[in-house]
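Residues per chain, in single letters:
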Amino acid sequence: MTQDPMLDTIIVIPCYNEEHRLDRVAIQYFVEANPSTGLLLVNDGSTDKTQETLESIERIHPGSIEILRLAENSGKAEAVRQGFRKSFPANPRYLGFWDADLATPLQAVREFRDVLDTRSNFQMVFGSRVQLLGRMIKRSALRHYLSRIFATLVSLKTGLPIYDSQCGAKLFKVSPELISVFEDPFLNRWIFDVEIIMRFIGLAKISDSLKIEDLIYEHPLEKWQDVRGSKITPVAVLRSLLDLYLIPSKHRTHSS
Ligand SMILES: Nc1nc2c(ncn2[C@@H]2O[C@H](COP(=O)(O)OP(=O)(O)O)[C@@H](O)[C@H]2O)c(=O)[nH]1
Ligand SMILES: [Mg+2]
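Just so it is clear, the model here is predicted, and its values are computed rather than measured.

## Points about the overall build of the protein
A tally of helices and strands in the protein yields 8 helices and 9 strands. If you line up the protein on its principal axes, its C-alpha atoms span 45 × 40 × 40 Å. A sequence separation of at least 24 residues applies to 81% of the contacts in the protein between residues at least 6 apart. Summed over all atoms, the accessible surface of the protein reaches about 12,400 Å², with 55% contributed by carbon and sulfur. Between the averaged position of the 32 positive side-chain charges in the protein and that of its 32 negative side-chain charges there is a distance of 4 Å.

So this is what it looks like as structure tokens:
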């Protein structure tokens, strides 16, 4: 099936062994309420019944939902990258990625779009898990404190006072810069979000018109809920810390 070519926003959802976490009802509700937004569900070489589940979801709204099936498991970063590369030729205005567990409810896509619509200098909106009164951010204390340490390291690496680089809900304005940022594979399966920032910083360095501080908008989420079944292991966390130092500080495009 192919998506409606008139979609102005496409959300890539990487799925690895997600047969039990995918929420059909939430997805159906979302696509019916947002006819101009399409979902690209990337099956990252799952070994369970994810493919069957995705096909049953695609049948709900074939014009809005499409599946990209990768033969082998290659990690969240590559699944998202393949999804972006498949989506670029459809010329959406906005392209994003979203974790399959819907820890960030899909309703936030509309808020992210509103930011990009109304604050025209920003090129990307990152969901940010900030516990403020009146918001519902439910996270284990351990994960919260680990993420504060990680955020500090990311701030040192990027030189940006970013609060939450790792939230699995992000939306980008499609541009030649974005296409070049997604050209080459990422180094790390989990902290490719930091690589995206570093690649944009690299582009900003070679362009007078880009200033990284003006491109990223962190949007405090109304609701975020840890969903059981996370596949991140302690080894992956350690590997990510090491990779944080290995991420090149400057990304050069093939054309530069
Ligand atoms: N492509 C890919 N995605 C994965 C893999 N493991 C997890 N994911 C996806 O990455 C997203 C976030 O995973 P999750 O386990 O919830 O991570 P956490 O919430 O950050 O602990 C989900 O959409 C997963 O399906 C993997 O090996 N490959
Ligand atoms: Mg999760």
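## Concerning the layout of surface pockets
The computed volume of the largest pocket comes to approximately 1,100 Å³. Taken together, 48 residues make up the lining of the largest pocket; nearest its centre are Arg-143, Gln-166, Trp-190, Ser-230 and Ile-232. Among the secondary structure elements, those contributing two or more residues to the lining of the largest pocket are strand 1 (9-15), helix 3 (76-87), helix 5 (141-158) and helix 8 (234-246). Broken down by element, the residue count for the lining of the largest pocket peaks at 9 residues, all from helix 5. Partitioning the lining of the largest pocket into residue classes produces 23 nonpolar, 10 polar and 15 charged.

## Notes on helix 3
Given 3.6 residues per helical turn, the α-helix brings residues three or four places apart onto the same face. In a regular helix each residue adds 1.5 Å, so 12 residues correspond to 16 Å; helix 3 covers 16 Å between its end C-alpha atoms and thus fits that length. Those residues of helix 3 lying buried are Lys-76, Ala-77, Glu-78, Ala-79, Val-80, Arg-81, Gly-83, Phe-84 and Ser-87.

## Observations concerning the state of the cysteines
Each disulfide is one covalent bond, formed between the sulfur atoms of two cysteines. Taken as a whole and assessed by the stated rule, the structure comprises 0 disulfides. A disulfide-free cysteine, Cys-15 has its sulfur positioned 16 Å from the sulfur of Cys-167, the nearest such atom. Given a relative accessible area of 0%, Cys-15 falls into the buried group.

## Points about helix 2 (residues 50-58)
Burial runs high along helix 2: 7 of the 9 residues are buried. If you check which residues of helix 2 are buried, you get Thr-50, Gln-51, Thr-53, Leu-54, Ser-56, Ile-57 and Glu-58. The elements touched by buried residues of helix 2 are strand 1, helix 1 (24-33), strand 2 (37-44) and strand 3 (65-70).

## A few points about the side chain of His-219
Structurally, the position occupied by His-219 is in strand 8 (residues 216-220). Residues contacting His-219, with those up to four places away along its chain left out, are Glu-111, Phe-112, Val-115, Val-125, Phe-126, Gly-127 and Ser-128.

## Section: the site of ligand 1
Neighbouring ligand 1 are 19 residues, the closest being Pro-14, Glu-18, Asp-44, Ser-230 and Lys-231. A distance of 3.2 Å is found between a nitrogen atom of ligand 1 and a backbone nitrogen or oxygen belonging to Gly-75. Arg-189 is positioned with one of its side-chain polar atoms (N or O) 3.5 Å from an oxygen atom of ligand 1. Here ligand 1, which alone exposes 550 Å², has 94% of that area covered by the protein. The cavity that encloses ligand 1 is the largest pocket. The set of elements that each furnish at least two residues to the shell around ligand 1 consists of strand 1 and helix 3. In terms of residue class, the shell around ligand 1 is made up of 7 nonpolar, 3 polar and 9 charged.

## Overview of the sheet that holds strand 1
In space, the 7 strands of this open sheet follow the order 3-2-1-4-7-5-8, with mixed pairing throughout. Edge positions in the open sheet fall to strand 3 and strand 8, since each of these has one partner strand only. With direction set aside, neighbouring strand axes in the sheet form an average angle of 20 degrees. Inspection of the sheet shows strand 1 paired to strand 4 (residues 94-98) by 4 bridges, in the parallel sense. For Val-12, the partnering residue across the bridge sits in strand 4 and is Phe-97. Running at roughly 150 degrees to strand 1, helix 3 makes contact with strand 1, strand 2, strand 3, strand 4 and strand 7 (169-173) of the sheet.

Rules and cut-offs
Residues numbered from 1 in each chain as written. Chains lettered and ligands numbered in written order. Predicted model: local features only at pLDDT ≥ 70, side-chain atom pairs only at ≥ 80, totals over all residues. Heavy atoms only, no water. Helix = DSSP H or I, 4+ residues; strand = E, 2+ residues; numbered from the N terminus. Contact = heavy atoms within 4.5 Å. Areas by Shrake-Rupley, 256 points an atom, 1.4 Å probe, with all protein chains shown as cover. Lys, Arg positive; Asp, Glu negative; His and termini not counted. Charge placed at Lys NZ, Arg CZ, Asp CG, Glu CD. 1 Å grid on protein atoms, 1.4 Å probe; cavity = no way out; pocket = protein on both sides within 12 Å on 5 of 7 lines; lining within 4 Å. Points joined across faces, edges and corners; volume = space filled by probe spheres on them. Nonpolar A, V, L, I, M, F, W, Y, C, P; charged D, E, K, R; others polar. Expected span 1.5 Å × (residues − 1). Buried < 20%, exposed > 50% of the residue type's maximum accessible area, 1.4 Å probe, protein only. Disulfide = S-S within 2.5 Å. Near = heavy atom within 4 Å. Polar contact = N/O pair within 3.5 Å; in protein donor to acceptor, adjacent residues only side chain to side chain. Sits in = over half its atoms within 2 Å of the grid points. Pairing = 2+ DSSP bridges. Axes fitted to C-alpha atoms, helices over the stretch in contact; angles between N-to-C directions.

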